[in-house]
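Observations on chain architecture
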Amino acid sequence: GQNIDQPTEMTATEGAIVQINCTYQTSGFNGLFWYQQHAGEAPTFLSYNVLDGLEEKGRFSSFLSRSKGYSYLLLKELQMKDSASYLCAVRGARGSYIPTFGRGTSLIVHP
Amino acid sequence: DTAVSQTPKYLVTQMGNDKSIKCEQNLGHDTMYWYKQDSKKFLKIMFSYNNKELIINETVPNRFSPKSPDKAHLNLHINSLELGDSAVYFCASSPGAAGEGNEQFFGPGTRLTVL
């Protein structure tokens with residue numbers, strides 16, 4: 001089976017940096033995704049990590065450590081529009097390509 | 001221009017009814033999915049279709065049946081609706097075979113309320 005753990009809620013200030021952690025236990029590993037979901041909207045893809053290290057994409061970066069079963073999403077220069085739920089999803093062993101989603105972290109950015 | 005579209009956006013119905021939700025993607029993707037997102041915001045896979053063949057079917061009640069008339073469409077039919085079926089249902093698609101490192105593109109969701 002697969003177990004994915006994220007904090008339920010985080011708050012941060014506009015302009016600041018926030019790190020959202022995700023830990024996972026899976027039978028095998030074949031990639032980790034981060035998605036952003038605004039209230040009442042569909043999830044949208046942010047990043048994909050399959051090898052250890054940091055992937056940077058503009059204000060957003062995602063880090064992966066496979067040995068630790070750990071990832072984080074780093075958001076810099078926070079904007080009010082970054083208030084959303086951030087979903088960590090892990091794809092397990094080969095033959096089961098569908099990612100399993102965590103419950104998401106609700107990020108509230110305040111002025 | 002909508003990449004993945006679903007209809008209807010809202011669906012309110014009585015227990016015991018049968019309903020369908022339609023999904024279409026114009027991205028030319030090979031794989032389509034149905035997810036259920038409950039009140040606790042868990043996004044759970046229900047079905048995945050690749051080239052009209054069901055390749056993943058999680059432990060979903062057989063009241064739910066996916067139907068794919070062609071590669072661009074994956075509809076969800078639900079028989080004998082129950083209160084616990086109330087949720088937001090998302091359709092998604094991805095290029096290539098199911099999951100091969102590819103992101104999923106989600107539709108806008110269908111909010112189903114069973115009374």
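Residues numbered from 1 in each chain as written. Chains lettered and ligands numbered in written order. Predicted model: local features only at pLDDT ≥ 70, side-chain atom pairs only at ≥ 80, totals over all residues. Heavy atoms only, no water.

Some words on the overall build of chain A
We apply this condition: Runs of H or I in DSSP of at least four residues are treated as helices and runs of E of at least two as strands, each being numbered from the N terminus. Here the radius of gyration uses the C-alpha set of atoms, whereas the globule reference equals 2.2 Å times the residue count to the power 0.38. Each residue gets one of three labels from its accessible area relative to the maximum for its type: buried under 20%, exposed over 50%, partly exposed in between, using a 1.4 Å probe on protein chains only. In what follows, residue pairs with any heavy atoms lying within 4.5 Å of each other are defined as contacts.
Along its length, chain A carries zero helices and eleven strands. In chain A, the succession of helices and strands from N to C terminus is β-β-β-β-β-β-β-β-β-β-β. Expected size for 111 residues packed as a compact globule is a radius of gyration near 13 Å; at 14 Å, chain A falls within 12% of this value. Along the three orthogonal principal directions, the C-alpha set of chain A runs to about 45 × 30 × 20 Å. Looking at the 111 residues of chain A, the share that counts as buried comes to 46%. A separation threshold of at least 6 residues defines the contact pool for chain A, and within that pool the share at least 24 residues apart is 56%.

Description of the overall build of chain B
Threshold: All accessibility values rest on the Shrake-Rupley procedure with a 1.4 Å probe; residue burial counts only the protein chains present in the view.
A tally of regular secondary structure across chain B gives zero helices and eleven strands. Beginning at the N terminus, the succession of helices and strands in chain B can be written as β-β-β-β-β-β-β-β-β-β-β. Here the C-alpha atoms of chain B give a radius of gyration of 13 Å, agreeing with the 13 Å that 2.2 N^0.38 yields for 115 residues. Taken along its principal axes, the extent of the C-alpha atoms in chain B is 40 × 30 × 30 Å. The burial tally for chain B puts 43% of its 115 residues in the buried class. Across chain B, the fraction of contacts at a sequence separation of at least 24, relative to all contacts at a separation of at least 6, is 56%. Entry remark: accessible area of chain B is about 5,600 Å², with carbon and sulfur atoms responsible for 49%.

Notes on the packing of aromatic side chains
All names here are of chain A. Condition: Pairing of aromatic rings covers Phe, Tyr and the six-membered ring of Trp, with a centre-to-centre limit of 6.5 Å; geometry is then stacked below 30 degrees between planes, edge-to-face above 60, and tilted otherwise.
Under the defined criterion, the tally for this structure stands at 16 aromatic pairs over all chains. A centroid spacing of 5.5 Å and a plane angle of 50° characterise the contact between Y35 and F101, whose relative ring orientation is tilted. Here Y35, found in strand β4 (residues 32-37), pairs with F101, found in strand β10 (residues 100-101); they are 66 residues apart in sequence, far enough to count as distant. Summarising the burial analysis for this pair, Y35 and F101 share the class buried.

Some words on the interface of chain B and chain A
Spelled out, the test is: Buried area counts how much accessible surface, traced with a 1.4 Å probe, disappears from two parts once they are put together, with both parts' losses summed. We define a salt bridge as a contact between a side-chain nitrogen of Lys or Arg and a carboxyl oxygen of Asp or Glu at a distance within 4 Å. In protein, a polar contact means a hydrogen-donor-capable atom and an acceptor-capable atom, both N or O and within 3.5 Å, with residues adjacent in sequence counting only if both atoms are side-chain atoms; elsewhere, any N or O pair within 3.5 Å suffices. Residues are grouped as follows: Ala, Val, Leu, Ile, Met, Phe, Trp, Tyr, Cys and Pro are nonpolar; Asp, Glu, Lys and Arg are charged; every other residue, Gly included, is polar.
If you look at the interface, chain B gives 21 residues, while chain A gives 16 residues. Summing the contributions of chain B and of chain A, the shared interface buries around 1,600 Å²; its carbon and sulfur component is 61%. Summed over the shared surface of chain B and chain A, the result is zero salt bridges. Summed over the shared surface of chain B and chain A, the number is two residue pairs in polar contact (both at pLDDT 80 or more). Taken together, the elements giving at least two residues each to the side of chain B that touches chain A come down to β4 (31-37) and β5 (43-50) of chain B. Counted by class, the side of chain B that touches chain A contains ten nonpolar, seven polar and four charged residues.

A short note on the pairing of strand β8 (residues 73-78) of chain B
In summary, the side chains of a regular strand alternate between the two faces of the sheet. All names here are of chain B. Keep this limit in mind: Two strands form a pair only when DSSP identifies at least two bridges running between them.
Relative to β8, strand β3 (residues 19-25) runs antiparallel, the two being bridged by four bridges. Paired with S20 across the two strands is H77, which belongs to β8. Where strand β7 (residues 64-70) and β8 come together, five bridges link them in antiparallel fashion. Across the sheet, F64 pairs through a bridge with I78, a residue of β8. What sits between the antiparallel neighbours β7 and β8 is a turn of two residues.

What to know about the pairing of strand β11 (residues 105-110) of chain A
All names here are of chain A. Alternating positions in β11 separate cleanly, T105, L107 and V109 being buried on one face and S106, I108 and H110 remaining unburied on the opposite face. Alignment of strand β2 (residues 9-13) against β11, held across five bridges, turns out to be parallel. Looking across to β11, one finds that E9 is bridged to S106. Taken together, the three bridges between strand β9 (residues 84-90) and β11 define a ladder with antiparallel strand orientation.

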